[in-house]
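Tertiary structure, described
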Amino acid sequence: MKIIDAKVIVTCPGRNFVTVKIITEDGLYGIGDATLNGREKSVVSYLEDHILPALIGRDAQRIEDIWHFIYRGAYWRRGPVGMTALAGVDVALWDIKAKAANMPLYQLLGGRSRDKIMAYTHANGKDLDSTLEAVAKAKEQGYKAIRVQCGIPGIAKTYGVAKGDANYEPADSALPSEESWSTHKYLNYIPEVFAEVRRAFGDDLHLLHDVHHRLTPIEAARLGKELEPYRLFWMEDCVPAENQELFKLVRQHTTTPLAVGEVFNSIHDCRELIQNQLIDYIRTTIVHGGGITHVRRLADFASLYSVRTGFHGATDLSPVCMGAALHFDYWVPNFGIQEHMAHSEQMESVFTRAYEFDDGYFTPGEAPGHGVDIDEKLAAQYPYKPASLPVNRLEDGTLWHW
Ligand code: CS2
Ligand code: MG
């Protein structure tokens, strides 16, 4: 099944998405998400200048061999740009293989392990009242699990809090905007937010919170302890995780479950975290983790240590990634939860999708492949728009973690 064409489709229906499309001599084609928020063009060049030309003439069925050809062939292994480019190719090839077998992708992985896939969505507000309204709205929509982010008095702009009614989109300017942060104000306020949410909505709702890399280990330990009465499903990205050992101190002090990994791109970024049971959920998802071929290995390794998957699913991951992720979620034995930040109608108009949402759960659909396609004509109407993620400074001007 020879590859005769491979290309990158860049489109910006409200935000930039990068899609790999691989076409075989049999007329079959597959697509994969290769979007890296704020660094999209780097991935496009990595694909167009270094990867795709070398695929022409290769056998599309040899997914594993092509994976290693790209990964080892780079010499400069790993990294978010290379692994996102690799993921786009890998998912396109899995899409082709499942279409050739005329089966939904999850069947190719080993069949489904569950009837439905629990998702969590985002509820955020500039203040406590609007946050509580947002939780009520998400609950109304049927979600059983809700991530809660709230504006902090005295901090102008808090991570995860959208401007107005639009979906939260952090890459909101061509050059990085600057945000200001106070750990002191944040730590003094957030436990009260969860106390209020529990008071208003009771104990059944799964509550999640994203710290977004901003604390030191002892600060994260304090927050984890103070959130214990509110029984979170997870506290995410509590500290930056390049040094995986940082989690030891947090783990010693709190039973609040810990999630990490959306910025990771290989098993080596989280091996110690998993084998030392320093985390409970691994967030590394298909688009940034080298595709299904690599993330499948990561999930199996995590299962040895009772670590479950909790795929990243923000709007800057395209519906193509969501589709592939849901097939993976349907199969993976150690599934935890799937993030779902809804794409706008404009974004969804460019991508047709087989997956469905019902009362807090997804199913991936029975279409051959991952069930997502791109309307290239419509995609061409939305040209790339430069967009950067913000940077973050402490109140004294120190450049901090965003
Ligand atoms: C966030 C993301 O969804 C999450 O957990 O951490 O929204 C993250 O900020 C974006 O994906 C960055 O592009
Ligand atoms: Mg996050």
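So, here is what we can say about the structure in this document.

1. Points about the coordination of the magnesium ion (ligand 2)
Protein ligation of the magnesium ion (ligand 2) involves Asp210 (OD), Glu236 (OE) and Glu262 (OE), the donor distances falling in the range 2.0 to 2.3 Å. Written as a sequence motif, the donor residues of the magnesium ion (ligand 2) are D-x25-E-x25-E. Of the two residues, Glu236 sits in strand β8 (residues 234–236) while Glu262 sits in the loop between β9 (258–260) and α9 (271–275), which places them 26 residues apart along the sequence. With respect to class, Glu236 is no different from Glu262; both count as buried.

2. A look at the packing of aromatic side chains
In the structure shown here, the tally under the stated rule is 17 aromatic pairs. The interplanar angle of 35 degrees and the centroid separation of 4.7 Å between the aromatic rings of Tyr143 and Phe357 together place this pair among those described as tilted. Of this pair, Tyr143 sits in the loop between α5 (128–140) and β5 (145–150) while Phe357 sits in strand β14 (residues 356–358), and the two are 214 residues apart along the sequence. Site record: aromatic cluster; members linked through ring pairs are Tyr120, Phe233, Trp234 and Tyr281. Against the face of Phe69 rests Arg58, its NZ or CZ located 3.8 Å from the ring centre. For the cation-ring pair, Arg214 lies above Trp181, with the distance from its terminal atom to the ring centre recorded as 4.9 Å.

3. Examining the side chain of Ser182
Counting through the fold element by element, Ser182 comes out in the loop between β6 (178–181) and α6 (183–201). Looking at Ser182, the relative accessible area reads 5%, which means it is buried. Looking at Ser182, its side chain comes within polar contact range of the main-chain nitrogen of Lys185, at 2.9 Å.

4. Observations regarding the sheet that holds β6
Read across the sheet, three strands follow the order β6-β17-β18 without closing on themselves; strand pairing throughout is mixed. Among the strands making up the open sheet, the edge pair consists of β6 and β18 (399–400).

5. What about the site of ligand 1?
Around ligand 1 lies a shell of 15 residues, among which Asn37, Tyr159, His212, Glu262 and Glu339 are the nearest. Between ligand 1 and Asp210, the relevant distance is 3.0 Å, taken from an oxygen atom to a side-chain nitrogen or oxygen of the residue. Measuring from an oxygen atom of ligand 1, one finds a side-chain N or O atom of Glu339 at 2.5 Å. Here ligand 1, which alone exposes 340 Å², has 95% of that area covered by the protein. Of the residues belonging to the shell around ligand 1, the class tally is four nonpolar, four polar and seven charged.

6. Describing the pairing of strand β4 (residues 117–125)
Counting buried positions along β4 yields nine of nine residues, so the element is predominantly enclosed. Burial along β4 is two-sided: the face carrying Ile117, Ala119, Thr121, Ala123 and Gly125 and the face carrying Met118, Tyr120, His122 and Asn124 are both buried. In this structure, β4 lies alongside strand β15 (residues 361–363), joined through two bridges in antiparallel fashion. If you follow Ile117 over to β15, its bridge partner there is Phe362.

7. Notes on the packing of helix α2 (residues 63–73) against helix α10 (residues 292–303)
Packing of α2 against α10 brings their axes to within 10 Å, and their N-to-C directions diverge by 95 degrees. Viewed along their axes, α2 and α10 adopt a mutual orientation that is roughly perpendicular. Residue-level contacts link Ile63, Glu64 and Trp67 of α2 to Thr293, His294 and Arg297 of α10. Among the residues forming the contact of α2 with α10, the class breakdown is two nonpolar, two polar and two charged.

8. Focus on the pattern of salt bridges
Under the criterion given, the structure shown has 27 salt bridges. Note that Asp115 and Arg112 form a salt bridge whose closest N and O atoms lie 2.7 Å from each other. Using a relative accessible area of 58% as the deciding quantity, one classes Asp115 as exposed. The partner of Lys163 in a salt bridge is Asp172, with the nearest N and O atoms 3.6 Å apart. Of the residues examined, Asp172 reaches a relative accessible area of 30% and is grouped as partly exposed. If you follow the salt bridges from partner to partner, you end up with Lys157, Lys163, Asp172 and Glu179 in one network.

9. Brief notes about the state of the cysteines
Under the criterion given, the structure shown has zero disulfides. Not engaged in a disulfide, the cysteine Cys238 finds its nearest cysteine sulfur in Cys270; these two sulfurs lie 15 Å apart. You can see Cys321 has no disulfide; the closest cysteine sulfur is in Cys270, sitting 16 Å from it.

10. Observations regarding helix α3 (residues 80–100)
Here α3 is 21 residues long and its end C-alpha atoms lie 30 Å apart, about the 30 Å a rise of 1.5 Å per residue gives. One or two positions beyond α3, positive phi appears at Asn102, with a value near 55 degrees.

Conventions we followed
Residues numbered from 1 in each chain as written. Chains lettered and ligands numbered in written order. Predicted model: local features only at pLDDT ≥ 70, side-chain atom pairs only at ≥ 80, totals over all residues. Heavy atoms only, no water. Donors = N, O, S within 2.8 Å, 3.2 Å for Na, K, Ca; no water. Helix = DSSP H or I, 4+ residues; strand = E, 2+ residues; numbered from the N terminus. Buried < 20%, exposed > 50% of the residue type's maximum accessible area, 1.4 Å probe, protein only. Phe/Tyr/Trp six-rings, centres within 6.5 Å; stacked < 30°, edge-to-face > 60°. Lys NZ or Arg CZ within 6 Å of the ring centre and 35° of its normal. Polar contact = N/O pair within 3.5 Å; in protein donor to acceptor, adjacent residues only side chain to side chain. Pairing = 2+ DSSP bridges. Near = heavy atom within 4 Å. Areas by Shrake-Rupley, 256 points an atom, 1.4 Å probe, with all protein chains shown as cover. Nonpolar A, V, L, I, M, F, W, Y, C, P; charged D, E, K, R; others polar. Axes fitted to C-alpha atoms, helices over the stretch in contact; angles between N-to-C directions. Parallel < 35°, antiparallel > 145°, perpendicular 65-115°, else oblique. Contact = heavy atoms within 4.5 Å. Salt bridge = Lys/Arg side-chain N within 4 Å of Asp/Glu carboxyl O. Disulfide = S-S within 2.5 Å. Expected span 1.5 Å × (residues − 1).

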